[in-house]
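One-letter residues, chain by chain:
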Amino acid sequence: MNEFDKSKIRNIDGGLLLIFRELLLRRRASDVADQLGLSPSAISHALSRLRDIFDEPLFIRRSRGLEPTLKALELGPRIEALIGQLDAVLSTEPSFDPAQSRRRFRLACPDDVVSLLGPGLVDRFRRDAPHAAFSSRPAILDRALRAVRRGEVDAALGVFRQVPRGLEAHDLYQDDYAVIARQGHPKVRGFVDAVTYATAGHVFVGNPDGALGEDAALDREAIDETYGRLPGPELVRTHAYVSQWETAMLIVAGGDALADCPRRLAERHAGRLGLQVLAPPFAPFSYTVQVVCRRELDAGVTWLLAQLRDAVAAES
């Protein structure tokens, strides 16, 4: 290491790395200041230090916020890795005692997965970790993975096309989509054919209208590739789009519309809601649900992974 490198290293601290990460994510200095509890002048000073250290502007001011340069985008994964290594070095929890722990585990998870595994997971917390808890926030795809990398959640559950370096994925279970209809449906008695599927009227879980103005837009192409493309009304008579699977199941249970639903979730609620769970009239879209966490697992997350696997086994 030469003297030039040493000089730069002396000017870097963990807070500067966190500010860089948040600037890359949020693109607005005011948002970063709010997130980290700092003043706008502190963010401005940090930006100046970062530019001096890397001999590069890194972020260029535009009307819509701070636009990262190519250099900043290239540095992003390396900075994430450094933050993860610092977190592992500074961790003060050498062991985990579920019976005594008051930890709250944070999950990024779509609603169908937490609805399916939540009851079994709660039972295991009540039995083995009575003072601990878990919280679940809805997030999918890259948004969920970024939350793991930033340390905002302990694990992400869902379907992921590619897991970035520094994280590791564990398969939890296989699932596919079934068609649901209420018991006593006038056109559906134990099976559904292609004509009935297309014409009986459908409720879909999805958002065809995009994000609202203040929400970050999701990658529609990535969603369709990962979760399957929603049929359009030109192919299937469509009456509604809703945001949650439970909402779709309740609507179907109370009328004559059909819906597609993850099979495991549909089978869990079919009895109490009076639903038929049917094979679709085409090859079903199947997928693997995974749990993704950092490579450097602490003892608590290792325990959590075991509870998730047990919760899956109880559903099988």
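Colleague: What's the story with the overall build of the protein in this structure? I'm lost.
Modeller: In terms of helices and strands, the protein carries 12 helices and 11 strands. Counting only residues that meet the buried cut, the protein has 42% of its 316 residues in that class. Contacts in the protein between residues at least 24 apart in sequence constitute 77% of all its contacts with a sequence separation of at least 6. Total accessible area on the protein is roughly 17,000 Å²; 51% of this is exposed by carbon and sulfur atoms.

Colleague: What should I look at first to understand helix α11 (residues 263–273) in this one?
Modeller: An α-helix turns once per 3.6 residues; consequently, residues spaced three or four apart project the same way. Along α11, the residues that are buried comprise Leu 265, Ala 266, His 269 and Ala 270. Along the axis of α11, the buried positions cluster into a sector of 140°, meaning they face one direction only. Here the buried face of α11 lies against α6 (111–128), β6 (167–182), α10 (245–253), β9 (258–262) and β10 (275–278). One or two steps after α11, the chain reaches Gly 274, where phi turns positive at roughly 70°.

Colleague: Even after reading the chapter, I still don't get the pattern of salt bridges, so can you show me in this structure?
Modeller: When their charged atoms lie close together, side chains carrying opposite charge are able to pair. Within the structure shown, the criterion is met by 11 salt bridges. Of the charged contacts in the structure, one is a salt bridge between Glu 22 and Arg 21, with a shortest N-O distance of 3.9 Å. Here the two residues Glu 22 and Arg 21 agree in accessibility, since each one is buried. Across the salt bridge formed by Glu 67 and Arg 62, the nearest N and O atoms sit 3.1 Å from each other. Overall, the relative accessible area of 28% leaves Glu 67 in the partly exposed class. What makes Arg 62 partly exposed here is its relative accessible area of 43%. Among the charged side chains, a network of salt bridges with common partners joins Arg 21, Glu 22, Arg 26 and Glu 152.

Colleague: Whenever I open this one, the environment of Gln 174 confuses me. Can you help?
Modeller: Looking at the secondary structure, you find Gln 174 in strand β6. Separated by 114 residues in the primary sequence, Gln 174 and Thr 288 place their C-alpha atoms 4.6 Å from one another. Leaving out residues up to four positions away in the same chain, Gln 174 has contacts with Arg 264, Tyr 287 and Thr 288. Engagement of the side chain of Gln 174 in a polar contact is seen with the side chain of Thr 288, the distance being 2.7 Å.

Colleague: Would you mind showing me how to read the packing of α6 against α11 here?
Modeller: Each pair of packed helices can be described by the angle between their axes along with the distance between the axes. Between α6 and α11, the shortest axis-to-axis distance is 9 Å and the interhelical angle comes to 50°. Here α11 runs oblique to α6, going by the angle between their axes. In this structure, α6 meets α11 at a crossing whose hand is left-handed. Listed contacts from α11 to Asp 112, Ser 115, Leu 116 and Pro 119 of α6 are Arg 264, Leu 265 and Arg 268.

Colleague: What is the right way to look at a nonpolar patch on the surface in this model?
Modeller: Side chains of Leu 18, Leu 36 and Leu 38 sit close together on the surface and give an oily, nonpolar patch of about 200 Å² of accessible area. Secondary-structure assignment places Leu 38 in the loop between α3 (29–36) and α4 (40–54).

Colleague: I would appreciate a short explanation of the confidence of the model for the protein in the present structure.
Modeller: Interpretation of the predicted coordinates at a detailed level should be avoided for regions scoring low in pLDDT. With 85% of its residues at a pLDDT of at least 70, the protein reaches an overall mean of 84. The weakest mean pLDDT in the protein belongs to helix α1 (residues 3–10) at 58; the strongest belongs to β10 at 96.

Colleague: What is the right way to read unusual backbone geometry from this model?
Modeller: What you tend to see is this: most non-glycine residues have negative phi, and most peptide bonds are trans. One non-glycine residue, Arg 27, adopts positive backbone phi at about 70°. Looking at the element boundaries, Arg 27 is found in the loop between α2 (14–26) and α3. Here Leu 141, not a glycine, exhibits a phi torsion of approximately 55°, which is positive. Mapped onto the elements, Leu 141 comes out in helix α7 (residues 141–149).

Colleague: Which parts of the structure should I look at to understand the packing of aromatic side chains?
Modeller: The relation between two aromatic rings is expressed through the spacing of the ring centres and the mutual angle of the planes. This structure, assessed with the given rule, holds 13 aromatic pairs. Seen in terms of ring centroids, Tyr 177 and Tyr 287 are 5.4 Å apart; in terms of plane orientation they differ by 45°. Their pairing is tilted. Of this pair, Tyr 177 sits in strand β6 while Tyr 287 sits in strand β11 (residues 286–294), placing them 110 residues apart in sequence.

Colleague: Honestly, the pairing of strand β7 (residues 202–205) in this entry has me stumped. Any pointers?
Modeller: On a regular strand, one side chain projects to one face of the sheet and the next to the other, so that they alternate. Along β7, one buried face is formed by His 202 and Phe 204 and the opposite face, lined by Val 203 and Val 205, is buried too. Pairing of β7 with β9, which is carried by 2 bridges, proceeds in the parallel orientation. Bridge pairing links His 202 to Leu 258 in β9.

Colleague: Would you mind showing me how to read the packing of α6 against helix α12 (residues 299–315) here?
Modeller: Two numbers describe how α6 lies on α12: the axes approach to 8 Å, and their chain directions differ by 125°. By the angle between their directions, the pair α6 and α12 is classed as oblique. Crossing of α6 over α12 shows right-handed handedness. Residues Leu 116, Leu 117, Gly 120, Leu 121, Arg 124, Phe 125 and Asp 128 of α6 pack against Trp 303, Leu 304, Gln 307, Leu 308, Asp 310, Ala 311, Val 312, Ala 314 and Glu 315 of α12. Of the residues belonging to the contact of α6 with α12, the class tally is 10 nonpolar, 2 polar and 4 charged.

Scoring rules and cut-offs
Residues numbered from 1 in each chain as written. Predicted model: local features only at pLDDT ≥ 70, side-chain atom pairs only at ≥ 80, totals over all residues. Heavy atoms only, no water. Helix = DSSP H or I, 4+ residues; strand = E, 2+ residues; numbered from the N terminus. Buried < 20%, exposed > 50% of the residue type's maximum accessible area, 1.4 Å probe, protein only. Contact = heavy atoms within 4.5 Å. Areas by Shrake-Rupley, 256 points an atom, 1.4 Å probe, with all protein chains shown as cover. Arc of directions from axis to C-beta. Salt bridge = Lys/Arg side-chain N within 4 Å of Asp/Glu carboxyl O. Polar contact = N/O pair within 3.5 Å; in protein donor to acceptor, adjacent residues only side chain to side chain. Axes fitted to C-alpha atoms, helices over the stretch in contact; angles between N-to-C directions. Parallel < 35°, antiparallel > 145°, perpendicular 65-115°, else oblique. Left-handed = near helix turned anticlockwise from the far one by under 90°. Patch = residues over 30% accessible without salt bridge, like charges linked within 9 Å, V, L, I, M, F, W, Y side chains within 5 Å. pLDDT = per-residue confidence, 0-100. Phe/Tyr/Trp six-rings, centres within 6.5 Å; stacked < 30°, edge-to-face > 60°. Pairing = 2+ DSSP bridges. Nonpolar A, V, L, I, M, F, W, Y, C, P; charged D, E, K, R; others polar.

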